[in-house]
Amino acid sequence: MAQLMENEVFMAFATYAAIVTLKMMLMGPITSYFRITRGSFSNEEDVARKSDEEKKKLLKSHPDVERAQRCHRNDLENIVPFFFIGLLYALTGPELSTALLHFRTFTACRLFHTIAYIGALPQPSRGLSYLVGVLVTTSMAYRVLSTVLLL
Amino acid sequence: MAQLMENEVFMAFATYAAIVTLKMMLMGPITSYFRITRGSFSNEEDVARKSDEEKKKLLKSHPDVERAQRCHRNDLENIVPFFFIGLLYALTGPELSTALLHFRTFTACRLFHTIAYIGALPQPSRGLSYLVGVLVTTSMAYRVLSTVLLL
Amino acid sequence: MAQLMENEVFMAFATYAAIVTLKMMLMGPITSYFRITRGSFSNEEDVARKSDEEKKKLLKSHPDVERAQRCHRNDLENIVPFFFIGLLYALTGPELSTALLHFRTFTACRLFHTIAYIGALPQPSRGLSYLVGVLVTTSMAYRVLSTVLLL
């Protein structure tokens, strides 16, 4: 079993997969930060200690909270496919250098995507980082399907 | 390591998992298509070049965009469990024919689910394709738990 | 290939991963239950047989449906990283007792999180169960990165 973790391509996958997954998890605290600083909550029980008047104010959406949530959702929509396809791709035994190129490009794209989204950088910065990430995952999917196709 | 990819059940899993993951990723471009053709955006920076009056119009939700997003979300809620359970299921060494039946049924259900959702086909078409997909994943989970249970 | 499923840590991972994934899937029927009992739907075709007046009433959001959806979304945001990191963690060959402590704590946290969310229990019950789950996943990610780091 330990064999998988002695394979360099799989070790590289595990490294970058852990990094992008941790980055995705970071969106939770980032959203909480905006909820608290902007005073924007979704659940009655989260503002239970406040007066009725304050509650009404706090139980409203805020653009910054919604932006962090869209960023989080976009991570789910893109990092999940990267993990699925990347795991299968690593098992097809690609060259280490080719695999690293895929993993590094994707990771760089998603780190930049978050900066572009939260910082509301001018387009096409966010759009391009999304697109290149999708192309990396598609390229790995092509190798998976052309290697193991069994329908 | 390459052993996994020489196992026919695992190859079949990799094939169908890649197909449904690519299908899920396709919801991104489909949503973008509706955003552009219907003129419905979420981020100020996405409409930066427009006049103030146009911006106000474009930064509104549109039923077709929301429908595509619900479809994407439903994919995440169902294809993610299929991948998780299916991966573990493939490792329990089921019969190839039984495994193929599970993978093919699930894939057919999710392809049809997207058509039913985006095309707003009359119910119970969408509901049934959702339900059968859930039953397939539950059936695989039953085999996983009855084979490897270690609490 | 069957070797993975003869490893006790991997069997334990498969068990707890299947349990939390099934729990996450259960949010689908729970949301449907609230949709039907509260009369709150999102799609025109879901209320096709009703009169126009009834349709208008039924195509509205309801706090209980939205609460179930937030709970489901929080599951996706947390159980997905647990599966990704936990799978890699199980492959690094940790002690069975340490691994079980991680898997059991996470599973208990997420079961309690759902009860706290759907039951609207007073805070910090929900917040704490979320936080401890995140700490478990982070602890596993630390072991993954310190064992296999290949950048």
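Since this is a predicted model, take the numbers as computed values, not measurements. (Residues numbered from 1 in each chain as written. Chains lettered and ligands numbered in written order. Predicted model: local features only at pLDDT ≥ 70, side-chain atom pairs only at ≥ 80, totals over all residues. Heavy atoms only, no water.)

A. View of the overall build of chain A. Counting its secondary structure elements, chain A contains five helices and zero strands. Moving toward the C terminus, one meets the helices and strands of chain A in the order α-α-α-α-α. Radius of gyration (C-alpha) of chain A: 19 Å, far over the 15 Å computed for a compact globule of 151 residues. If you take every contact in chain A between residues at least 6 apart in sequence, the share linking residues at least 24 apart comes to 72%. If you sum the accessible surface of chain A, you get close to 6,700 Å²; carbon and sulfur atoms cover 60% of it. (Helix = DSSP H or I, 4+ residues; strand = E, 2+ residues; numbered from the N terminus. Rg over C-alpha atoms; globule rule 2.2 N^0.38 Å. Contact = heavy atoms within 4.5 Å. Areas by Shrake-Rupley, 256 points an atom, 1.4 Å probe, with all protein chains shown as cover.)

B. Molecular detail of the packing of helix α3 (residues 63-91) of chain B against helix α5 (residues 125-148) of chain B. Residues and elements named next belong to chain B. Where α3 meets α5, the axes come as close as 9 Å, and the angle between the chain directions of the two elements is 25°. Taken together, the axis directions place α3 and α5 in an arrangement best described as roughly parallel. Here α3 runs over α5; the crossing is left-handed. Residues Asn-74, Asn-78, Pro-81, Phe-82, Ile-85, Gly-86, Leu-88 and Tyr-89 of α3 pack against Tyr-130, Val-134, Thr-137, Met-140, Ala-141, Arg-143 and Val-144 of α5. The class makeup of the residues in the contact of α3 with α5 is 10 nonpolar, four polar and one charged. (Axes fitted to C-alpha atoms, helices over the stretch in contact; angles between N-to-C directions. Parallel < 35°, antiparallel > 145°, perpendicular 65-115°, else oblique. Left-handed = near helix turned anticlockwise from the far one by under 90°. Nonpolar A, V, L, I, M, F, W, Y, C, P; charged D, E, K, R; others polar.)

C. Quick peek at the relation of the copies chain A and chain C. Least-squares fitting of chain A to chain C yields an RMSD of 0.0 Å, with the transformation described by 0.0 Å of translation along the axis and a rotation of 120°. Both copies are brought into coincidence by an operation consistent with a three-fold rotation axis. (Least-squares fit on C-alpha atoms with pLDDT ≥ 70 in both.)

D. Broad picture of the environment of Asp-46 of chain B. Residue and element names in this part refer to chain B. Inspection of the secondary structure assignment puts Asp-46 in the loop between α1 (8-38) and α2 (52-58). For Asp-46, a relative accessible area of 24% gives the class partly exposed. Along the primary structure Asp-46 and Arg-126 are separated by 80 residues, whereas in three dimensions their C-alpha atoms are 32 Å apart. (Buried < 20%, exposed > 50% of the residue type's maximum accessible area, 1.4 Å probe, protein only.)

E. Spotlight on the interface of chain A and chain B. Contacts between the two partners involve 35 residues from chain A, matched on the other side by 37 residues from chain B. Here chain A and chain B share an interface that buries about 2,900 Å² over both sides, 72% of which is from carbon and sulfur atoms. The largest per-residue losses of area from chain A upon contact with chain B belong to Phe-84, Leu-91 and Leu-150 of chain A, which jointly make up 24% of the total buried on that side. The interface formed by chain A and chain B holds three salt bridges in total. Along the contact surface separating chain A from chain B lie 10 residue pairs in polar contact (both at pLDDT 80 or more). Of all the secondary structure elements, the ones that give two or more residues to the side of chain A that touches chain B are α3 (63-91) and α5 (125-148) of chain A. In terms of residue count, α3 of chain A provides more of the side of chain A that touches chain B than any other element does, 13 residues in total. (Buried area = accessible area lost by both parts, 1.4 Å probe. Salt bridge = Lys/Arg side-chain N within 4 Å of Asp/Glu carboxyl O. Polar contact = N/O pair within 3.5 Å; in protein donor to acceptor, adjacent residues only side chain to side chain.)

F. Examining the pattern of salt bridges more closely. All names here are of chain A. This structure, assessed with the given rule, holds 21 salt bridges over all chains. Between Arg-73 and Glu-77 there is a salt bridge whose closest N-O contact spans 2.7 Å. Of this pair, Arg-73 and Glu-77 both sit in helix α3, separated by four residues, roughly a single helical turn. Its relative accessible area of 14% is what places Glu-77 among the buried residues.

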